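# Structural characterization, general
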Amino acid sequence: FISSPGDVEVEREKAKQVIEQLQKWYGASVHLEVLLWEQLPLEIDASFQAGIDPALGQIDIAVFILWSRIGTPLVADGKTYASGTEREFDLMLQAHAKTNGEKPDILFYRRNDDDSFNQYLTTQSTDTIKTCLAQKEAAETFFQNHFKNEDGTNQRAYHAYQHPVEFASRLKVHLRGLIDEQFTQGTLQTRASWTDRPPYRGLEAF
């Protein structure tokens, strides 16, 4: 499951590409499927979040990406959230706790790229700039609340990156680590194998 506000579309696309590459690598040993909210059949008689929540119970790995936005506030189950991203993060934490840490695995990535953000602001109107700055402050508040202690020390682990390419390379390594760990623990029965003919023609004699 890929969860993020709308300012990291490049990262979301790269995440899909990474998962497609890993599917080819592991072949029939593993079935990897990307879940994005825009792929869900959301109906008009429910809110966005009400349509997304039921699908979250089947998640094995949740990937969260944050940069300069947090999204639109919402109220669900009597609790106020900064956005759907925070709601989804809370649900994943709950599921992780209920299964004693078995699932889902949760990866959190934070983009530190003030240069690109400031450059974007130079092309925007005054009203848009105010909105962007308010969103950036809200994103920072979310991060401080969930990942930092009052004394500034880390409460949870996260991965910082500056550019989408760096994010993609890190995500690939991290996902392979999580999947390979399942093989080690016996959750997955076989390691990756060739799904067609071996790629090394010089080894055909063996």
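Since the structure is predicted, the reported quantities are computational estimates derived from the model, not experimental observations. (Residues numbered from 1 in each chain as written. Predicted model: local features only at pLDDT ≥ 70, side-chain atom pairs only at ≥ 80, totals over all residues. Heavy atoms only, no water.)

### A short note on the sheet that holds strand β2 (residues 61-66)
- Strand order in the open sheet formed by 4 strands is β1-β2-β5-β6, with parallel pairing between adjacent strands. The open sheet has two edge strands, β1 (2-3) and β6 (159-161), and neither has a second partner.
- Summarising the sheet, β2 and strand β5 (residues 105-111) pair through 6 bridges and their orientation is parallel. Within the sheet, the bridge partner assigned to F64 lies in β5 and is F108. (Pairing = 2+ DSSP bridges. Helix = DSSP H or I, 4+ residues; strand = E, 2+ residues; numbered from the N terminus.)

### Brief notes about the environment of D105
- Mapped onto the elements of the fold, D105 is located in strand β5.
- Classification of D105 by relative accessible area gives buried; the value is 19%.
- The spacing of D105 and I61 is 44 residues in sequence and 4.7 Å in space, taken between C-alpha atoms.
- The contacts of D105, once residues within four sequence positions are left out, are D60, I61, A62, L178 and Q182. (Buried < 20%, exposed > 50% of the residue type's maximum accessible area, 1.4 Å probe, protein only. Contact = heavy atoms within 4.5 Å.)

### Section: the nonpolar core
- I2, V63, L171 and L175 are the most contacted members of the largest nonpolar core, which has 27 residues in total.
- At the level of elements, α1 (9-26), β2, β5, α4 (114-121) and α6 (164-185) are the ones that each hand at least two residues to this core.
- With 7 residues, the top contributor of residues to this core is α6.
- The contact partners of I2, leaving out residues within four places of it in the chain, are R12, A15, I19, V34, L35, L36, V63 and I65.
- Residues L66, F89, F108 and F143 belong to the second largest nonpolar core, which totals 14 residues. (Core = buried A, V, L, I, M, F, W, Y, C linked by side-chain atoms within 4.5 Å.)

### What to know about the pattern of salt bridges
- By the definition in use, this model includes 10 salt bridges.
- A salt bridge links E11 to R111; the nearest nitrogen and oxygen atoms lie 3.2 Å apart. Taken as a pair, E11 in helix α1 and R111 in strand β5 lie far apart in primary sequence, 100 residues in all.
- Owing to a relative accessible area of 0%, E11 belongs among the buried residues under this scheme.
- A relative accessible area of 10% means that R111 is categorised as buried.
- For R110, the salt bridge identified is with E140, shortest N-O distance 2.2 Å. Of this pair, R110 sits in strand β5 while E140 sits in helix α5 (residues 126-147); the two residues are 30 residues apart in sequence, bridging distant segments of the chain.
- Owing to a relative accessible area of 15%, R110 belongs among the buried residues under this scheme.
- Owing to a relative accessible area of 30%, E140 belongs among the partly exposed residues under this scheme.
- Connected through shared salt-bridge partners, E11, R111 and D113 make up one network. (Salt bridge = Lys/Arg side-chain N within 4 Å of Asp/Glu carboxyl O.)

### Notes on the packing of aromatic side chains
- Enumeration according to the criterion identifies 11 aromatic pairs in this entry.
- Taking the centre distance of 5.1 Å and the plane angle of 90 degrees together, the rings of Y109 and F167 count as edge-to-face. Separated by 58 residues along the polypeptide, Y109 in strand β5 and F167 in helix α6 bring together distant segments of the chain.
- By relative accessible area, which is 0% here, Y109 ends up buried.
- Assessed through its relative accessible area of 0%, F167 is described here as buried.
- Their ring planes at 75 degrees and their centres at 5.9 Å tell us that F147 and Y158 sit as a pair that is edge-to-face. Linking F147 in helix α5 with Y158 in the loop between α5 and β6, this pair joins segments that are 11 residues apart in sequence.
- Here Y158 falls in the partly exposed class, since its relative accessible area comes to 26%. (Phe/Tyr/Trp six-rings, centres within 6.5 Å; stacked < 30°, edge-to-face > 60°.)

This is a description of form; function is not addressed.
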